[in-house]
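A closer look at the structure
One-letter residues, chain by chain:
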Amino acid sequence: MKAFAIDSYKAALRPREMPDPVAGPGEVVVAIAAASVNPLDVKLREGAFKLILPYSMPLVLGHDLAGTVIAVGPATRRFKVGDEVFGRAGTKHIGSFAERIAVEEADLAFKPATLSMAEAAALPLVSLTAWQGLVERARLQPGQCVLVHAGSGGVGTVAIQLAKHLGAQVATTVGPNNLVLAKELGADVVIDYRHEAFEKRLSGCDVVLDTQGGDVLHKSLKVLKAGGKLISITGPPDPGFARQIGAGFLIRQLLRLVSLKVRLNAKRQGVDYSFHFMRADGSQLAEIAKLVDAGAIRPVIDQVFAFDESPVALARVASGRARGKVVIRVAPDFALGRAKR
Ligand SMILES: NC(=O)c1ccc[n+]([C@@H]2O[C@H](COP(=O)([O-])OP(=O)(O)OC[C@H]3O[C@@H](n4cnc5c(N)ncnc54)[C@H](OP(=O)(O)O)[C@@H]3O)[C@@H](O)[C@H]2O)c1
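Counting restarts for each chain, with residues numbered from 1 along the sequence as it is written. Totals for whole chains, interfaces and linings use every residue, but because this is a predicted model, local features are given only for residues with pLDDT of at least 70 and side-chain atom pairs only at 80 or more, for both listing and counting. The side-chain figures draw on all heavy atoms in the structure; neither hydrogens nor water molecules are used.

What counts as a domain boundary in this text is fixed by an automatic or database domain assignment. Taken domain by domain, the chain holds domain 1 (2-123 + 299-329) and domain 2 (125-275). The gap between the C-alpha centroids of domain 1 and domain 2 is 26 Å. Between two residues, a contact is recorded if the distance between any of their heavy atoms is within 4.5 Å. Of the residues lining the interface, 16 residues belong to domain 1; the matching set on domain 2 comes to 19 residues. Buried area between domain 1 and domain 2, summed over both chains or domains, comes out near 1,200 Å², and the portion from carbon and sulfur atoms is 62%. We define a salt bridge as a contact between a side-chain nitrogen of Lys or Arg and a carboxyl oxygen of Asp or Glu at a distance within 4 Å. At the junction of domain 1 with domain 2, the criterion picks out zero salt bridges. Any N or O atom pair separated by 3.5 Å or less is treated as a polar contact, with the protein-specific requirement of one donor-capable and one acceptor-capable atom, and with residues adjacent in sequence counted only for side-chain atom pairs. At the boundary of domain 1 with domain 2, the tally comes to six residue pairs in polar contact (both at pLDDT 80 or more). Residues are grouped as follows: nonpolar covers Ala, Val, Leu, Ile, Met, Phe, Trp, Tyr, Cys and Pro; charged covers Asp, Glu, Lys and Arg; every other residue, Gly included, is treated as polar. Class assignment of the residues belonging to the side of domain 1 that touches domain 2 gives a composition of seven nonpolar, three polar and six charged. Here the quantity called buried area is the total loss of accessible area, with a 1.4 Å probe, experienced by two parts when brought into contact, counted for both.

Right, let's get into the packing of helix α3 (residues 124-137) against helix α4 (residues 154-165). When two helices pack together, their arrangement is given by the angle between their axes and by how far apart the axes lie. Closest axis-to-axis distance for the α3/α4 pair is 8 Å, and the angle between their directions is 50 degrees. Classed by the angle they form, the pair α3 and α4 counts as oblique. Crossing hand, α3 versus α4: right-handed. For the pair α3 and α4, the contacting residues are Val126, Ser127, Thr129, Ala130, Trp131, Leu134 and Val135 in the first and Gly154, Val155, Val158, Ala159, Leu162 and Ala163 in the second. The residue inventory of the contact of α3 with α4, partitioned by class, reads ten nonpolar, three polar and no charged. The axes are straight lines fitted to the C-alpha atoms, using for helices just the contacting stretch, and the angles between their N-to-C directions are given from 0 to 180°. The helix and strand labels rest on DSSP assignments: H or I over at least four residues marks a helix, E over at least two residues marks a strand, and numbering proceeds from the N terminus. Roughly parallel means an angle under 35 degrees; roughly antiparallel means over 145; roughly perpendicular covers 65 to 115; every other angle is labelled oblique. Crossings are classed by handedness, with left-handed meaning an anticlockwise turn of the near helix from the far one by less than a right angle and right-handed meaning a clockwise turn.

Pairing between two strands requires that DSSP report at least two bridges joining them. Strand order in this open sheet of six strands is β11-β10-β9-β12-β13-β14, and the pairing throughout is parallel. If you trace the sheet from one side to the other, it starts and ends with β11 (189-192) and β14 (272-275), each paired once. Across the sheet, the mean angle from the axis of one strand to that of its neighbour is 15 degrees, orientation sign disregarded. Strand direction decides the pairing type here: strand β10 (residues 169-174) and β11, joined by four bridges, are parallel. Each bridged residue has a counterpart across the sheet, and for Thr173 the counterpart in β11 is Ile191. Contacts between α4 and the sheet are confined to β9 (145-149), β10 and β12 (205-210), with β10 contributing the most and set at about 165 degrees to the helix.

Once that is clear, we can look at the nonpolar core. Among the nonpolar cores identified, the biggest contains 106 residues, and Phe97, Val146 and Leu230 are the most heavily contacted of them. The element contributing the most residues to this core is strand β3 (residues 27-37), with seven residues. Split by domain, this core shows at least three residues from each of two domains, domain 1 (2-123 + 299-329) and domain 2 (125-275). Beyond its immediate sequence surroundings of up to four residues, Leu230 is in contact with Val208, Asp210, Leu217, Ser220, Leu221, Leu224, Val262, Val271, Asp272, Tyr273 and Ser274. Take the buried Ala, Val, Leu, Ile, Met, Phe, Trp, Tyr and Cys residues and link them wherever side-chain atoms come within 4.5 Å; each set so joined is a nonpolar core. Burial classification: accessible surface area is computed with a 1.4 Å probe over protein chains only, and a residue below 20% of its type maximum counts as buried, one above 50% as exposed, and the rest as partly exposed.

Across all of its chains, the model carries 13 salt bridges by this definition. Between Glu287 and Lys290 there is a salt bridge whose closest N-O contact spans 3.1 Å. In this pair, Glu287 and Lys290 are both assigned in helix α11 (residues 282-293), three residues apart and thus about one turn of the helix distant. With a relative accessible area of 34%, Glu287 lands in the partly exposed category.

Turning to a nonpolar patch on the surface, a few remarks are in order. Patch membership needs two things, relative accessible area over 30% and no salt bridge, and members are linked within 9 Å if like-charged or within 5 Å if nonpolar (Val, Leu, Ile, Met, Phe, Trp, Tyr). Accessible surface area values rest on a Shrake-Rupley calculation with a 1.4 Å probe, where residue burial reflects the displayed protein chains alone. Nonpolar side chains collect at one region of the surface, where Leu51, Leu254 and Val258 lie side by side and expose about 290 Å² of accessible area between them. Positionally, Leu254 belongs in helix α9 (residues 249-258). Judged by relative accessible area, which is 41%, Leu254 ranks as partly exposed.

Here's what the structure looks like:
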């Protein structure tokens with residue numbers, strides 16, 4: 001089958017013939033209609049995760065997919081051939097910039113009926129990140145205030161909508177071209193990060209979902225009330241994350257060290273700091289699909305690229321300027337219109 005892979009870290013993403021995937025126990029093979037690109041794909045190519053996520057080469061990139069089940073492995077219960085599914089492939093099974101992929105069925109959910117394949121492929125990784133950050137970790141309650149950084153990004157566009165659905169007051173930071181988008185998505189307070197200091201405008205927040213790290217992370221502490229939660233998805237990773245991935249002694253010490261400053265500052269302010277690295281989860285995705293079909297969450301798509309343009313799609317995400325999600329149309333003949341059941 002045709003796939004887009006790298007031969008080594010930092011190498012260009014290139015088309016390549018790869019062996020056809022076979023469904024193992026509990027797995028299904030999906031014919032991919034569409035994939036979407038995440039900054040994680042960019043960072044994997046750069047080798048940013050090679051210490052904690054070692055992959056062998058050639059490595060087919062891509063985590064998000066939507067498509068049709070074409071084979072099922074032994075002991076597979078939830079899906080059958082012909083089912084339309086979407087999901088974030090598990091960390092050991094990545095490779096959605098390809099015509100086909102074997103995925104654990106626990107990582108998949110039925111595609112939302114109201115979405116096209118392209119729209120469905122835009123959602124898994126970012127919506128699971130928003131869900132795990134705001135529902136699982138923050139336990140965001142109606143009436144609470146949350147600041148979502150980069151409300152125009154893949155994660156931010158979903159996080160704003162999910163937080164509003166949960167009944168929260170939502171503030172967000174966006175660039176000047178995305179003020180209208182953030183309002184349309186439901187944000188109550190929209191701050192142009194290029195012209196205004198968010199930490200001067202906001203105070204007393206319950207939760208911050210940080211997508212930027214660095215200065216933005218440290219300034220975010222100032223907008224939280226005592227007892228508030230600062231959840232970062234860009235880092236620095238903390239000892240809790242080291243435990244989650246079962247890191248060895250050296251990595252544990254390294255993560256303790258890199259997160260020391262923000263953990264100490266957070267403690268001083270009575271704020272809880274944690275780093276979250278999202279995980280694939282078909283059950284959560286099924287809950288998200290219900291919200292999509294109920295009209296509470298819609299994907300925002302920056303651009304759709306042809307399969308052959310996968311390297312350009314990756315570069316678009318690497319630019320850091322995407323407005324919502326970048327999608328790759330893998331199957332040449334699939335329609336961009338609404339899916340029919
Ligand atoms: N830990 C995890 O599990 C996890 C999961 C998902 C994502 N992430 C990470 O989270 C980050 C965001 O992911 P994403 O998919 O949302 O990225 P993305 O879609 O590539 O974000 C691009 C958007 O960010 C905006 N932006 C850039 N700098 C900004 C700033 N300083 N303040 C506010 N907005 C800014 C850009 O708007 P302008 O063009 O207007 O600047 C653009 O719309 C990435 O670093 C990604 O690796 C981590």
